[in-house]
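Coordinates in review
The residues making up each chain are set out below.
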Amino acid sequence: MRAVEDADERGSAPAEFLLVGLLLTALTLAVLQFGLAMYARNIVQDAAVEAAFHAALADTSDAAAERRAHEVVTGALGRDMIDWALITRMSMDGVEMVKVDLGATYPLVGLFGVPAGSVVTAHAPVEALG
């Protein structure tokens, strides 16, 4: 009776190893991709803050601030993931402010994702001369 059971299960170990290995590999790659997406999100958020503070300086233009955001993202990720940038000057409670909105592509597979899949916003008070 024991010989019949052993014959029925012959070859099941490699098949189980393959199925479990594929599952663990997929799970590991998903965790790594999630980490890359969160890293890219933090870089774009930092670029928005950097652009807002750069635009708030007294002697800079909005175009220079937008270039600064693109430089931060390109320097950290190796490619520019910002699809569009909107820099707005406004007043909040009597304080002149700069608002920077960045539309970014967050990576879903590798470094490719949905264009302008997320919008990041940052504010900074405008520097006053004198």
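Residues numbered from 1 in each chain as written. Predicted model: local features only at pLDDT ≥ 70, side-chain atom pairs only at ≥ 80, totals over all residues. Heavy atoms only, no water.

1. Quick word on the packing of helix H2 (residues 12–55) against helix H3 (residues 62–77)
When two helices pack together, you describe them by how their axes are tilted relative to each other and by the distance separating the axes. Test applied: Axis definition: a line fitted to C-alpha atoms, limited for helices to the stretch in contact. Angles are taken between N-to-C directions and run from 0 to 180 degrees. Elements are defined by DSSP. Helices are runs of H or I of four residues or more, strands are runs of E of two residues or more, and each kind is numbered from the N terminus. Here the word oblique covers every angle except those under 35 degrees (roughly parallel), over 145 (roughly antiparallel) and from 65 to 115 (roughly perpendicular). By convention the crossing between two helices is left-handed if the near helix lies anticlockwise of the far one by an angle smaller than a right angle, and right-handed if it lies clockwise. Only heavy atoms matter for contacts: two residues are in contact if any of them lie within 4.5 Å across the pair.
Across the interface, H2 lies against H3 with an axial gap of 8 Å and an inter-helix angle of 155°. Taken together, the axes of H2 and H3 lie roughly antiparallel to each other. Viewed along their axes, H2 and H3 form a crossing whose handedness is right-handed. In contact with Tyr39, Ala40, Ile43, Val44, Asp46, Ala47, Glu50, Ala51, His54 and Ala55 of H2, H3 contributes Asp62, Ala64, Ala65, Arg68, Ala69, Val72, Val73, Ala76 and Leu77.

2. Digging into unusual backbone geometry
Working note: non-glycine residues mostly have negative phi, and peptide bonds are mostly trans. Counted only if it meets this: Using a 1.4 Å probe on the protein chains alone, a residue whose accessible area is under 20% of its type maximum counts as buried, one over 50% counts as exposed, and one in between counts as partly exposed.
Backbone geometry places Asp93, a non-glycine residue, at a positive phi of 55°. One can find Asp93 in the loop between strand S1 (82–92) and strand S2 (95–104). Its relative accessible area of 82% is what places Asp93 among the exposed residues.

3. Re the environment of Ala65
Inspection of the secondary structure puts Ala65 in helix H3. The class for Ala65 is buried, based on a relative accessible area of 0%. When the C-alpha positions of Ala65 and Ala47 are compared, they lie 9.7 Å apart, and in sequence the two are 18 residues distant. With residues near it in sequence (within four places) discarded, Ala65 still touches Ala51, His54, Ala55 and Ile87.

4. A short note on the UniProt feature "transmembrane region" (unreviewed entry) in the chain
Operational definition: UniProt positions are given in the numbering used here, feature names are shortened, and annotations may be inferred rather than shown by experiment.
The UniProt entry lists residues 17–39 under the feature "transmembrane region" (unreviewed entry), expressed in the numbering used here. Annotated as 100% helix and 0% strand, the span residues 17–39 places its first and last C-alpha atoms 33 Å apart.

5. A short note on the pairing of S1
Rules: Strand pairing is assigned whenever DSSP identifies at least 2 bridges connecting the two strands.
In this sheet, S2 lies alongside S1 in antiparallel orientation, the contact comprising 10 bridges. Across the sheet, Leu86 pairs through a bridge with Asp101, a residue of S2. If you look at the hairpin formed by S1 and S2, you'll find two residues sitting between the two strands, and Asp93 has a positive phi there, around 55°.

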